[in-house]
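# Structure assessment
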Amino acid sequence: MDPIFLNSENRQSKLGTLEDAAAMIQNGSQLAFGGLHSHNGPMALIRQIIRQGTKDLHMIANVSAGMPADILIGAGCVDTVTVCYIGMEHLGFAPRFRKAAEEKRINIIDGDEIYYVLGLKAGAVGMPFVPYPPGHEARDNPIFEKTYKRTTDPYTGKEIIVSPAIQPDVAIIHVPRADIYGNVVHLGSVVADDLLAKASTHTIVTCDEIVTNDSIRADPRRTTIPGHYIDMVVQVPYGAHPLSCHGIYNHDEDHIKSYVKSDIGAYLDEYVFGVKDHFEYLEKFGIEHLMGLREQI
Amino acid sequence: MTDAHNNPDYAIGELMVSAIARQMGNHDHDWAAVGAYSQLPMASMKLARMIYAPNMWWLAGGGGAINSTSKLVQSTSDHRVMRGAEYMMNMEDIVDIEMWRYNRGREQVVGVVGGIQIDKQGSCNMVAVGDYENPTVRGVGTVGLAFGVSFTLVYFFTMHHNKQVFVDTVDFVSSVGHTGKRAEFVPPACIGPQKVFTPLGVFDFCEDGPDTKTMRVVSLHPGVTLEEVQDKTGFDLIIPDTIAETAAPSDLELTLIRNEIDPDGILKTLRISR
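Numbering of residues starts from 1 in each chain and follows the order in which that chain's sequence is written. The naming scheme follows written order: chains are lettered A onward, ligands numbered 1 onward. In keeping with the model being predicted, local features are shown solely for residues with a pLDDT of at least 70 and side-chain atom pairs are shown and tallied solely at 80 or more, while totals for entire chains, interfaces and linings include all residues.

### Side note on the overall build of chain B
Our working definition: Here a helix means four or more residues in a row that DSSP labels H or I, a strand means two or more in a row labelled E, and each is numbered from the N terminus. Based on C-alpha atoms, the radius of gyration is set beside the globule rule, defined as 2.2 Å times the residue count to the power 0.38. The burial label depends on the number of other C-beta atoms within 10 Å of a residue's C-beta. Counts of 20 or more mean buried, 12 or fewer mean exposed, and intermediate counts mean partly exposed, with C-beta atoms placed from the backbone.
Secondary structure summary: chain B contains 7 helices and 15 strands in total. For a compact globule of 274 residues, the expected C-alpha radius of gyration is about 19 Å, and chain B comes in at 18 Å, within 12% of that figure. Principal axes of the C-alpha set define a box for chain B whose edges measure 50 × 45 × 35 Å. Looking at chain B residue by residue over its 274 residues, the buried ones come to 56%.

### Some remarks on the pairing of strand β9 (residues 135-138) of chain B
Which entries qualify depends on this criterion: Two strands are counted as paired when DSSP detects at least two bridges linking them.
Two strands pair when backbone bridges link them, and strand β8 (residues 128-130) of chain B and β9(B) are joined in this way by 3 bridges, in the antiparallel orientation. Its bridge partner being in β9(B), B:Ala128 is matched across the sheet by B:Arg138.

### A word on the sheet that holds strand β5 (residues 129-131) of chain A
Residues and elements named next belong to chain A. Note the following rule: Between N-to-C directions, angles cover 0 to 180 degrees, with each direction set by a line fitted to C-alpha atoms, over the stretch in contact for helices. We call two residues in contact if the C-beta atoms placed from their backbones are at most 7 Å apart.
Strand order in this open sheet of 3 strands is β5-β7-β6, and the pairing throughout is antiparallel. Each having just a single partner strand, β5 and β6 (149-152) make up the two edges of the open sheet. Pairs of neighbouring strands in the sheet enclose a mean axial angle of 40°, with direction left out of account. Looking at chain direction, β5 and strand β7 (residues 159-164) are connected through 3 bridges and run antiparallel. Within β7, the residue paired with Phe129 across the bridge is Pro164. Contacts from helix α6 (residues 113-125) reach β5 and β7 within the one sheet, and its direction differs from that of β5 by about 125°.

### Looking at the domain arrangement of chain A
Where interface size is quoted, it is often the accessible area lost as the parts come together. Residue and element names in this part refer to chain A. Just so we agree on the cut-off: The split of the chain into domains comes from an automatic or database domain assignment. Residue classes follow a fixed rule: Ala, Val, Leu, Ile, Met, Phe, Trp, Tyr, Cys and Pro count as nonpolar, while Asp, Glu, Lys and Arg count as charged, and any other residue, Gly among them, counts as polar.
Entries for chain A in the domain assignment read domain 1 (12-114 + 166-292) and domain 2 (129-164). Distance between the C-alpha centres of domain 1 and domain 2: 32 Å. Listed as interface residues are 4 residues of domain 1 and, on the opposing side, 5 residues of domain 2. Per-class residue counts for the side of domain 1 that touches domain 2 are 2 nonpolar, no polar and 2 charged.

### Points about the sheet that holds strand β3 (residues 65-66) of chain B
Residue and element names in this part refer to chain B. Strand order in this open sheet of 10 strands is β4-β3-β2-β1-β5-β10-β12-β13-β14-β15, and the pairing throughout is mixed. This sheet does not close on itself; its edge strands, each paired only once, are β4 (87-88) and β15 (244-245). Bridging between strand β14 (residues 213-220) and β15 involves 2 bridges; their strand directions are parallel. Bridge pairing in β15 links Leu220 to Glu245. Of the strands in this sheet, β1 (31-34), β2 (57-60), β5 (109-113) and β10 (153-157) are in contact with helix α2 (residues 39-51), which crosses β1 at around 150°.

### Here we look at unusual backbone geometry
All names here are of chain A. Between His241 and the following residue, Pro242, the backbone shows a cis peptide bond with an omega angle of 10°. As for its placement among the helices and strands, Pro242 is situated in the loop between β11 (232-235) and α10 (253-261). Unlike most non-glycine residues, Asp56 shows phi in positive territory, near 60°. Relative to the helices and strands, Asp56 is located in the loop between α3 (43-51) and β2 (57-60). Residue classification places Asp56 among the partly exposed residues on the basis of 13 C-beta atoms within 10 Å. A positive phi is found at Lys104, a non-glycine position, where the angle reads about 55°. Position of Lys104 relative to the elements: it lies in the loop between α5 (95-102) and β4 (107-110).

### Remarks on the interface of chain A and chain B
The partner chain B presents 44 residues to the 45 residues of chain A that form the contact. When residues of the side of chain A that touches chain B are traced back to their parent elements, those giving at least two are α5, α6, α7 (141-144) and α8 (193-199) of chain A. With 5 residues, α6(A) is the largest single contributor of residues to the side of chain A that touches chain B. Here the side of chain A that touches chain B is composed, by residue class, of 20 nonpolar, 14 polar and 11 charged.

### Some details on the pairing of β7(A)
As paired elements, β6(A) and β7(A) share 4 bridges and run antiparallel to each other. Residue A:Arg150 lies in a different strand from β7(A), and its bridge partner there is A:Ile161.

### With respect to helix α3 (residues 91-100) of chain B
Spelled out, the test is: Working note: the arc is built from the helix axis to C-beta atom directions.
Those residues of α3(B) that sit buried are B:Met91, B:Ile94, B:Val95, B:Glu98 and B:Met99. Axial view of α3(B): buried residues confined to an arc of 105°, hence all on one face. Contacts from the buried residues of α3(B) go to α6 and α8 of chain A together with β1, β2 and β5 of chain B.

Here it is in structure tokens:
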């Protein structure tokens, strides 16, 4: 056998459980999550975070956040949120975010795609802030949002806008496939999952399927995030439900619609606190319903 | 409501898709982006590439698919949009091209976007209705409208035409229109909003001061009166001497929309109000 496979016997697995993963997220920490809209969100882990009663999170909502952001706010886990977009796309506003914002129960950092993506890029490489090209003075985010600052461009002497680097304490992402060493394979949109893994102190991956390391090595071009960025891998079949997991199953639009309309306390009681674990959650939907969501690309 | 509002020959969404697609005929070889909640622009991009702009590149925002040829689905982020795409952008790719590409003197970079408020000068708000500190409606956030000062130009589309959407002055500037601030700060290569496509008509922006422009009627959709559109707009529109009727979708456009682009009929089910 090739020596490299002999060495792999001593290589440490990063496998953990949802409980192990949630325990990595302390009260008051900065928590970022991957995916976008109703797609690729680490929902099973988010339900576990709610179940364990995490409080005072500074949530770095993803570039277009829907139910993952809304349910964490609705469950009272969030103290501060960095917003790029929080809404339900064609299903309307995110009701618990909107209510909490209008009632001033959460602090809001009003970012946007540039603030979020280049902030993470700066965080990933250790740059202190993001300098902006001219033009952004004409819009209101850099005026109303106090985390934007002004400084002098030392090369031109002109005043420029800057926004801070973003370095989340923990990022959580859900992907279709990973091996036990954290090598990740997306089968659809990566969005900013790769950037989150680079920028965050710790990154936890939940995945629908654990694949062999041989399968990763068979075509390394498919690997979308190398495992050295990943601290823990948790196998959670249907771990994005009711969101989609690109390449494996569609989002459960009917359930997301019913979530939007629900009383949040009753919803949490039924789908988070009223089930002992992720599989009991899945059993509420039944095999026929869950299998009906499957669609490959 | 006039009879034309319920014209059985085509849905209002199909008319809007036709109008936006024809506009994209100006952008063969350019690069265009649509965001989330964008069934109308997504269908328009597909139609434009079939008829009017075969060399246009377009991004299904969020999900990142380039030049998708999938059938229309509700969300640009749905993985089914990947079908027939030529590339999948991640967010760094998207910020790279949307923030600076045009400034290298290459093709035009075009955004087709919406907003919870759009004002007479074409500024757009996605953040808050009312006072920012005490909003009556907290919006979703500025998201990709941050590129309003780096896109070459922007086209707006709306699913509603009423005084809640079309206001005199937006409460929060997510993307800046033709204001003095644009003139002062934004590079002149970025020329700002150019057209507005609503369920009632098509509009552009006309100079009404040294550094300002205001929304002007270009065409009204069949059956829509000037009185109706002014009555449902929260500021005085500029009214030109002649106003066209928006051309109805052609038989070819409707055939492509119904058979190739939107076989599931999503455009006919959109909650478009006017």
